Amino acid sequence: MVNFRRVEVIIRPDADGAARLAARIIARQLRDNPHLVLGLATGRTMECVYGQLVQMHRKEGLDFSLCSTFNLDEYVGLAAEDPHSYRHYMNEQLFRQVNIDRRNTYLPNGRAPDLEIECRNYEATIARFGGIDLQLLGIGQAGHIGFNEPLSALRSRTRVKALAPLTLQQNAASFAGMDQVPRRAITMGVGTILECRRCLLLATGAEKAEIIAQAVEGPITSMISATALQLHARCTVVVDEGAASRLEGLEYYRRLFATEPEWEEFRNQD
Ligand code: F6R
């Protein structure tokens, strides 16, 4: 029987500390289970996490050789070699810097001849690996996880999504202007994400404060797909002070992290 817990919120003093803690949670899971099936995300917030994991690989011998990874999403129309593709991002930020077997790293193929079949196959591959053990997540300003834009069905599966105007705006910085951002992406669905055994959401910076408060403490709504994480059996939200600043339960969250025995090894590392 699934042991439903709660959304856990951990607040670190700054963005570096938050990324370090997220990386440590991943590293702990990987050490406990070298065959970990790890779900990955891209974006600016994650760069620090991958930087930390690379350091742990170099300095502490963190071993990726037996693990497999599934990314949340990929732009439609971009080839793997395109510097804007998420495959390229992952190769640069993590895969080529650690001892992972590239054949065990999966992202949707945004150039597949039949995108519907590609989405179905992606789900089937995740199932063949026994599901995702730990899914790393960022959050967009519109509240998306993956590219599950507003009004994504809370039970949705991997599919093609048209990007919302706010997402196009948010991602324009990585392209040469907003009109260069692909209009569509393949993304795991909210339902796919909810099936992962554990979720780890990382958000940093005051510009994420409002959406984090809505995601964690607001009502569940398909307008903000991250609110669906409240239905998850185990979701850990790691934020810095900036992203935490609109949360109402701050004192309680701080006390849980300071006193719950399971966080001891993480408290003492910072
Ligand atoms: C990308 C993804 C997105 C990002 C989100 C935050 O794979 O899943 O949901 O995590 O858009 O992006 P940044 O970190 O750039 O603010």
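Our structure's up above, just so we're on the same page.
Just so we're clear, the structure is a prediction, and the values are computed from it rather than from any experiment.

J.: Outline the side chain of N71, supporting the account with residue identities and numerical values.
T.: Mapped onto the secondary structure, N71 falls in strand β3 (residues 68-71). Apart from the residues lying within four places of it in its own chain, the contact partners of N71 are L40, A41, T42, M90, F95, Y106, L107, P108, Y122 and M188.

J.: Break down the sheet that holds strand β2 (residues 37-40) for me, with residues and values.
T.: Spatially, 7 strands are ordered β1-β10-β9-β6-β2-β3-β5 in an open sheet, and the strand pairing comes out parallel. This sheet does not close on itself; its edge strands, each paired only once, are β1 (7-12) and β5 (105-106). Note that β3 and β5 share 2 bridges and pair parallel. Bridge pairing in β5 places T69 opposite T105. In this fold helix α7 (residues 209-217) packs onto β1, β9 (198-203) and β10 (235-240), with an angle of close to 155° to the strand it touches most, β10.

J.: Outline the site of the ligand, supporting the account with residue identities and numerical values.
T.: T42, T45, D73, H144 and K208 are the nearest of the 14 residues found near the ligand. One nitrogen or oxygen atom from the main chain of G146 is found 2.8 Å from an oxygen atom belonging to the ligand. Burial of the ligand by the protein chains amounts to 95% of its free accessible area of 410 Å². Among the cavities detected, the one that contains the ligand is the largest pocket. Along the lines of polarity and charge, the residues of the shell around the ligand split into 3 nonpolar, 8 polar and 3 charged.

J.: Tell me what's going on with the environment of I145, and back it up with residues and numbers.
T.: Structurally, I145 can be placed in the loop between β6 (134-137) and β7 (159-162). Taking C-alpha positions, I145 is 9.1 Å from A41, a pair spaced 104 residues apart along the chain. The contacts of I145, once residues within four sequence positions are left out, are L137, G138, I193, L201, S225, A226 and L229.

J.: Explain the pattern of salt bridges residue by residue, including any values.
T.: Taken as a whole, this structure holds 12 salt bridges when the rule is applied. With a shortest N-O distance of 3.3 Å, E8 and R234 are connected by a salt bridge. Within this pair, whereas E8 is found in strand β1, its partner R234 is found in the loop between α7 and β10, the two being separated by 226 residues in sequence. Judged by relative accessible area, which is 3%, E8 ranks as buried. Between R28 and E265 there is a salt bridge whose closest N-O contact spans 3.1 Å. Taken together, the residues R28 in helix α1 (residues 15-32) and E265 in helix α10 (residues 264-267) connect sequence positions 237 residues apart. Accessibility expressed as a relative area gives 33% for E265, which makes it partly exposed. By sharing partners, the salt bridges in this structure join E8, R234 and E262 into a single network.

Analysis parameters
Residues numbered from 1 in each chain as written. Predicted model: local features only at pLDDT ≥ 70, side-chain atom pairs only at ≥ 80, totals over all residues. Heavy atoms only, no water. Helix = DSSP H or I, 4+ residues; strand = E, 2+ residues; numbered from the N terminus. Contact = heavy atoms within 4.5 Å. Pairing = 2+ DSSP bridges. Axes fitted to C-alpha atoms, helices over the stretch in contact; angles between N-to-C directions. Near = heavy atom within 4 Å. Polar contact = N/O pair within 3.5 Å; in protein donor to acceptor, adjacent residues only side chain to side chain. Areas by Shrake-Rupley, 256 points an atom, 1.4 Å probe, with all protein chains shown as cover. 1 Å grid on protein atoms, 1.4 Å probe; cavity = no way out; pocket = protein on both sides within 12 Å on 5 of 7 lines; lining within 4 Å. Sits in = over half its atoms within 2 Å of the grid points. Nonpolar A, V, L, I, M, F, W, Y, C, P; charged D, E, K, R; others polar. Salt bridge = Lys/Arg side-chain N within 4 Å of Asp/Glu carboxyl O. Buried < 20%, exposed > 50% of the residue type's maximum accessible area, 1.4 Å probe, protein only.

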